[in-house]
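Analysis of the macromolecular model
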Amino acid sequence: MEEVQYLDWNNSIQILNKAYDSGLFVLIIGPKGTGKTSLVRDFAKSKGINLESINFSLRTRESHLVGTKTLTNGTVSFDEGLLIKSMREGSMLYLDEINSAEADVLLRLDEALDDRRQIALKESTGEVVKAKENWFVVATINPLTHSGTKELPPQLLSRFPVRIRLEYPPEEIELEIVKKHVSGEHDSEVTQAIKLANTLRQAAAVEELFYSPSLRETIAFAKLLDGGMAPKEAAKFVFGNVYTQWGDIEYQKVSDIITSMFGN
């Protein structure tokens, strides 16, 4: 099947191209499951450039960015992190969910992202590493309503002057995307699941629910239908049960929505 793309995606590729040609770093903002990572990978592939990726969390440390000393056969060496590697090679660096990182990690990253595009290896020889001219950085953030995220410091936010907002695709396009992964024999049921997902997404956006389902979940729903599962049962396992971690009231609220859309 021909690859399905939607307007936000096509516009984003064009903006990434212009930012790359202008030497400007890019921030992509949007909820999980909207294809932020796929967009970055497709762009790197289209440009034929090497892509280094760092996925940020509370466990990410400066050493993941810069590197760490190692001892091998009595010899101390320094293994450079992906930040340093990408700067030296002039490759593309992808900073995924950057607003999940701790403040000290962001501070060290900010050192490399300012206009000088350089960083001092204080953990090693003190060498100042200056990025190659074609070094390109793209970061993604989830909305602040997502668990574990925090507001980026203004000085770091300013390092990414080009900002792309990526949203979930329209229902008809999401259906076409899902059909790329399944038989296509359950269009009406999948369409109903997409409506359910959008209902839950809208509720999460205004903090009425704690979780917003992604494109991966509508694809999973369709795959369960291909495997012979009934639509309401598939909706329960894919969309409903995850809400039990926030308590019976949250779970029952979503269960009632599923029943209203898929029947008893």
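Because the structure is a prediction, the values reported are computed rather than measured.

What follows deals with the sheet that holds strand 9 (residues 162–165). Ordered by their spatial adjacency, five strands build an open sheet running 2-5-8-1-9, and the pairing between neighbours is parallel. Strands with a single pairing partner mark the edges of an open sheet, and in this sheet they are strand 2 (51–55) and strand 9. For this sheet, the mean angle separating the axes of adjacent strands, direction not counted, is 20 degrees. Here strand 1 (residues 26–29) runs beside strand 8 (residues 136–141); their pairing, made up of four bridges, is parallel. Bridge pairing in strand 8 places Leu-27 opposite Ala-139. The strands that helix 4 (residues 82–89) touches are strand 2 and strand 5 (92–96); relative to strand 2, the one it contacts most, it runs at about 160 degrees.

For any pair of aromatic rings, the description rests on two quantities: the centre-to-centre distance and the angle between the ring planes. Under the counting rule described, the total for this entry stands at 11 aromatic pairs. Plain terms: the ring middles of Tyr-20 and Phe-136 are 5.2 Å apart, the flat faces sit at 90 degrees to each other, and that makes the pair edge-to-face. Of this pair, Tyr-20 sits in helix 1 (residues 7–22) while Phe-136 is found in strand 8, placing the two residues 116 residues apart along the sequence. Judged by its relative accessible area of 1%, Phe-136 is buried. Aromatic ring contacts, followed pair by pair, group Phe-210, Tyr-211, Tyr-243 and Trp-246 into a single cluster. Sitting above the plane of the Phe-25 ring, Arg-117 keeps its charged end 3.9 Å from the centroid.

Assigned domains of the protein: these are domain 1 (12–165) and domain 2 (171–262). The distance between the C-alpha centroids of domain 1 and domain 2 comes to 33 Å. Facing the four residues of domain 1 at the interface are eight residues of domain 2. Together, the buried faces of domain 1 and domain 2 total about 460 Å²; carbon and sulfur atoms form 51% of this surface. Taken together, domain 1 and domain 2 are joined by zero salt bridges. Summed over the shared surface of domain 1 and domain 2, the number is zero residue pairs in polar contact (both at pLDDT 80 or more). Class assignment for the residues of the side of domain 1 that touches domain 2 results in no nonpolar, three polar and one charged.

One pass over the full model with this rule turns up 12 salt bridges. Residue Asp-114 pairs with Arg-116 through a salt bridge whose shortest N-O separation is 3.0 Å. A relative accessible area of 48% places Arg-116 in the partly exposed class. Between Glu-176 and Lys-179 there is a salt bridge; the shortest N-O distance is 3.7 Å. Here Glu-176 pairs with Lys-179, and both are found in helix 7 (residues 171–179), just three residues apart, close to one helical turn. Of the residues examined, Lys-179 reaches a relative accessible area of 19% and is grouped as buried. In the salt-bridge network here, residues are joined through shared partners; they are Glu-62, Arg-108 and Glu-111.

Okay, empty space enclosed by the protein next. With the rule as written, the count across this model stands at one cavity of 30 Å³ or more. If you add up the space inside the largest cavity, you get close to 50 Å³. Lining the largest cavity, in full, are Leu-175, Val-178, Lys-179, Val-182, Ser-183, Gly-184, Glu-185, His-186, Asp-187, Val-190, Ala-222 and Asp-226. At the level of elements, helix 7, helix 8 (187–205) and helix 9 (215–226) are the ones that each hand at least two residues to the lining of the largest cavity.

Moving on, we get to helix 10 (residues 231–240). Turning to helix 10, its buried residues are Ala-234, Ala-235, Val-238, Phe-239 and Gly-240. Axial view of helix 10: buried residues confined to an arc of 170 degrees, hence all on one face. Residues of helix 10 that are buried make contact with helix 8, helix 9 and helix 11 (248–262).

Rules of the game
Residues numbered from 1 in each chain as written. Predicted model: local features only at pLDDT ≥ 70, side-chain atom pairs only at ≥ 80, totals over all residues. Heavy atoms only, no water. Pairing = 2+ DSSP bridges. Helix = DSSP H or I, 4+ residues; strand = E, 2+ residues; numbered from the N terminus. Axes fitted to C-alpha atoms, helices over the stretch in contact; angles between N-to-C directions. Contact = heavy atoms within 4.5 Å. Phe/Tyr/Trp six-rings, centres within 6.5 Å; stacked < 30°, edge-to-face > 60°. Buried < 20%, exposed > 50% of the residue type's maximum accessible area, 1.4 Å probe, protein only. Lys NZ or Arg CZ within 6 Å of the ring centre and 35° of its normal. Domains from an automatic or database assignment. Buried area = accessible area lost by both parts, 1.4 Å probe. Salt bridge = Lys/Arg side-chain N within 4 Å of Asp/Glu carboxyl O. Polar contact = N/O pair within 3.5 Å; in protein donor to acceptor, adjacent residues only side chain to side chain. Nonpolar A, V, L, I, M, F, W, Y, C, P; charged D, E, K, R; others polar. 1 Å grid on protein atoms, 1.4 Å probe; cavity = no way out; pocket = protein on both sides within 12 Å on 5 of 7 lines; lining within 4 Å. Points joined across faces, edges and corners; volume = space filled by probe spheres on them. Arc of directions from axis to C-beta.

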